[in-house]
Amino acid sequence: MSILHASDTTFEREVLAEKGTVLVEFSATWCPPCRALEPVIESLARERAATLKVVALDIDESPETCRRFGVRAAPTLMVFREGKRVVAHVGAVPKARIVALLER
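Throughout what follows, the structure given in this document is the object of discussion. None of these values were measured; they are calculated from a predicted model. (Residues numbered from 1 in each chain as written. Predicted model: local features only at pLDDT ≥ 70, side-chain atom pairs only at ≥ 80, totals over all residues. Heavy atoms only, no water.)

**Here's the deal with the layout of surface pockets**
Part 1: When its volume is computed, the largest pocket comes out at roughly 270 Å³.
Part 2: Lining the largest pocket are 16 residues, and of these H5, S27, E38, A56 and D58 sit closest to its centre.
Part 3: Elements supplying a minimum of two residues to the lining of the largest pocket: β1 (4–6), β2 (21–27), α2 (32–47) and β3 (52–58).
Part 4: Of all the elements, α2 adds the most residues to the lining of the largest pocket, at four residues.
Part 5: Along the lines of polarity and charge, the residues of the lining of the largest pocket split into seven nonpolar, three polar and six charged. (1 Å grid on protein atoms, 1.4 Å probe; cavity = no way out; pocket = protein on both sides within 12 Å on 5 of 7 lines; lining within 4 Å. Points joined across faces, edges and corners; volume = space filled by probe spheres on them. Helix = DSSP H or I, 4+ residues; strand = E, 2+ residues; numbered from the N terminus. Nonpolar A, V, L, I, M, F, W, Y, C, P; charged D, E, K, R; others polar.)

The following block contains the structure:
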């Protein structure tokens, strides 16, 4: 499975209505740490396709969702389970740290 792209209009359907675990990357095209994180996120999306949905949301194109979840910096990673936010982390991190976030 590849990374799905959500927006203010699709976030509810793609993330909050989802049964199971969703990793959301709040990012921006102008953000170097976001670009550095992309291959890591794509790798996780492929490796865990059976159990994890991965969604990217552009903070510039979806300001309402960012306000709703208190996103103030890119990249911000959030893990949702059954539509509820479980954990959030600001900044680029190694793959092992993202895996640890997913296991919380």
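From this point, the narrative continues.
**As for the packing of α2 against helix α4 (residues 95–102)**
Part 1: Running from N to C, α2 and α4 cross one another at 50°; their axes reach a closest spacing of 10 Å. Compared by their axis directions, α2 and α4 come out oblique. Viewed along their axes, α2 and α4 form a crossing whose handedness is right-handed. In this structure, α2 uses L37, V40, I41, S43, L44 and E47 to contact α4, whose residues at the interface are K95, I98 and V99.
Part 2: The residue makeup of the contact of α2 with α4, split by class, is six nonpolar, one polar and two charged. (Axes fitted to C-alpha atoms, helices over the stretch in contact; angles between N-to-C directions. Parallel < 35°, antiparallel > 145°, perpendicular 65-115°, else oblique. Left-handed = near helix turned anticlockwise from the far one by under 90°. Contact = heavy atoms within 4.5 Å.)

**Observations concerning the environment of S43**
Part 1: Structurally, the position occupied by S43 is in helix α2.
Part 2: Once the C-alpha coordinates of S43 and K19 are considered, the two residues, 24 residues apart in sequence, prove to be 22 Å apart.
Part 3: Side chain to side chain, S43 and E47 meet in a polar contact 2.9 Å long. (Polar contact = N/O pair within 3.5 Å; in protein donor to acceptor, adjacent residues only side chain to side chain.)

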